[in-house]
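# Coordinate inspection notes
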Amino acid sequence: ERERMAAAYPDHEVQARTMGVPMMGEGRLFKQAEESVVIEPLDLPPHWARINGMDFGIDHPFGFAAVAWDRSRDILYVYDSERVSGGNIPQHAAILKRYGQWIAVSWPHDGLKRTQAARTVGPEIFKLYSRENVNMLSRSARYQNDIGGAQDQWIIIEEIKERERTGRIKYFKTCTALIEERRNYHTKDGKIVAVRDDALKAMFYAVMMRRYATTGVETAPPPMAAILTMRR
């Protein structure tokens, strides 16, 4: 019966119908079968470039994604993710620095909003993270055309879909927050439903700015066993 169903439905529907994987909305965006993109954690060679992405938790949870880039094969590995409700900037900064302060952090344009306190205007939000010694990129996430501000999400979504189809992006199975969001990311009435997508957005920003990823040869990244210990 499973073989018959697998032959009759697309990959993402097979998962829903035979494995109980939930599928929300009228148009699931990431349809590649999970088993083809989710992998066991592996040790990250020091020559792979690294970049982190974040989504500010202004009126929704804070999102984080850590990406390693094997430039020689152009494969991205998302090796960590978080979605945190509440917390403060120092707590979020500790997550962003988990694997070393040298890793650059990509962030969305709403980080340019200024803080408000006691009727006075404070610094832009992204600068508050810089004060916590987070290696924030000097400008918000944007495509190669270098046009700032709000970015068209469909461009990065289509790139991620193409990478999934061609095996050029992999997610460590320990990235539970991001995998859950990927599974449920969908459209309704032709529009993206932007709910519980915080870690996913963080990954988008990291991938969008991967041209600023750097290697940690001078500060060798820890083995995967140590990374999993840090996450706990």
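Below, the structure is looked at part by part. (Residues numbered from 1 in each chain as written. Predicted model: local features only at pLDDT ≥ 70, side-chain atom pairs only at ≥ 80, totals over all residues. Heavy atoms only, no water.)

### Some thoughts on the packing of helix H5 (residues 153-166) against helix H7 (residues 198-208)
When two helices pack together, their arrangement is captured by the angle between the axes and the distance separating the axes. Look at H5 against H7: their axes get within 10 Å of each other, and the N-to-C directions meet at 85°. On the basis of their axis angle, the class for H5 and H7 is roughly perpendicular. Contacts from Gln153, Ile156, Ile157, Glu159 and Ile160 in H5 reach Lys201, Met203, Phe204, Val207 and Met208 in H7. Partitioned by chemical class, the residues of the contact of H5 with H7 number seven nonpolar, one polar and two charged. (Axes fitted to C-alpha atoms, helices over the stretch in contact; angles between N-to-C directions. Helix = DSSP H or I, 4+ residues; strand = E, 2+ residues; numbered from the N terminus. Parallel < 35°, antiparallel > 145°, perpendicular 65-115°, else oblique. Contact = heavy atoms within 4.5 Å. Nonpolar A, V, L, I, M, F, W, Y, C, P; charged D, E, K, R; others polar.)

### Focus: the environment of Leu178
Mapping Leu178 onto the fold places it in helix H6 (residues 176-184). In sequence terms Leu178 and Gly63 are 115 residues apart; their C-alpha atoms lie 9.1 Å from each other. Not counting residues up to four positions away in its chain, the partners in contact with Leu178 are Ala65, Val78, Ser81, Tyr171, Ala199, Leu200 and Met203.

### Here we look at unusual backbone geometry
The phi angle of most residues is negative, glycine excepted, and most peptide bonds adopt the trans form. The backbone of Asp74 sits at a positive phi, close to 55°, despite the residue not being glycine. Mapped onto the fold, Asp74 is located in the loop between strand E4 (62-70) and strand E5 (75-84). Judged by its relative accessible area of 23%, Asp74 is partly exposed. A positive phi angle, near 65°, is found at Asp146, a position not held by glycine. (Buried < 20%, exposed > 50% of the residue type's maximum accessible area, 1.4 Å probe, protein only.)

### Notes on the pattern of salt bridges
All told, the structure shown has 18 salt bridges when counted by the stated rule. Ionic pairing is found between Lys173 and Glu40, a salt bridge with its closest N-O pair at 2.8 Å. Linking Lys173 in the loop between strand E9 (169-172) and H6 with Glu40 in the loop between strand E2 (38-39) and strand E3 (49-55), this pair joins segments that are 133 residues apart in sequence. Judged by its relative accessible area of 43%, Lys173 falls in the partly exposed class. The partner of Asp70 in a salt bridge is Arg73, and the shortest N-O contact between them spans 2.8 Å. Its relative accessible area of 4% is what places Asp70 among the buried residues. Of the residues examined, Arg73 reaches a relative accessible area of 49% and is grouped as partly exposed. (Salt bridge = Lys/Arg side-chain N within 4 Å of Asp/Glu carboxyl O.)

### As for the pairing of E5
Most of E5 is tucked away: eight of the 10 residues are buried. Pairing geometry for E4 and E5, over nine bridges, is antiparallel. By the bridge assignment, Gly63 is partnered in E5 with Arg83. In the sheet, E5 pairs with E9 via three bridges, with the strands oriented parallel. Paired with Tyr77 across the two strands is Lys170, which belongs to E9. (Pairing = 2+ DSSP bridges.)

### A few points about the sheet that holds strand E1 (residues 27-28)
Pairing is antiparallel in the open sheet, where three strands are placed in the order E1-E10-E11. Each having just a single partner strand, E1 and strand E11 (191-192) make up the two edges of the open sheet. Judged from the two bridges that link them, E1 and strand E10 (residues 186-188) form a sheet pairing that is antiparallel. Within E10, the position partnered with Gly27 by the bridge is Thr187.

### Some points on the environment of Ile89
By the secondary structure assignment, Ile89 is in helix H3 (residues 89-96). Residues Ile89 and Gly57, spaced 32 residues apart in sequence, show a C-alpha to C-alpha distance of 9.2 Å. In contact with Ile89, not counting residues within four places along its chain, are Leu128, Tyr129 and Glu132.

### Re the packing of aromatic side chains
Tallied over the entire structure, the rule returns seven aromatic pairs. Pairing Trp48 with Tyr77 gives two aromatic rings, centres 4.7 Å apart and planes at 10°, and the pair type is stacked. Pair noted here: Trp48 is in the loop between E2 and E3 and Tyr77 is in strand E5, with a separation of 29 residues, a long-range link. Taking the relative accessible area as the measure of exposure, Trp48 reaches 7% and is therefore buried. Between Arg210 and the ring centre of Trp69, over which it is positioned, the NZ or CZ distance is 5.7 Å. (Phe/Tyr/Trp six-rings, centres within 6.5 Å; stacked < 30°, edge-to-face > 60°. Lys NZ or Arg CZ within 6 Å of the ring centre and 35° of its normal.)

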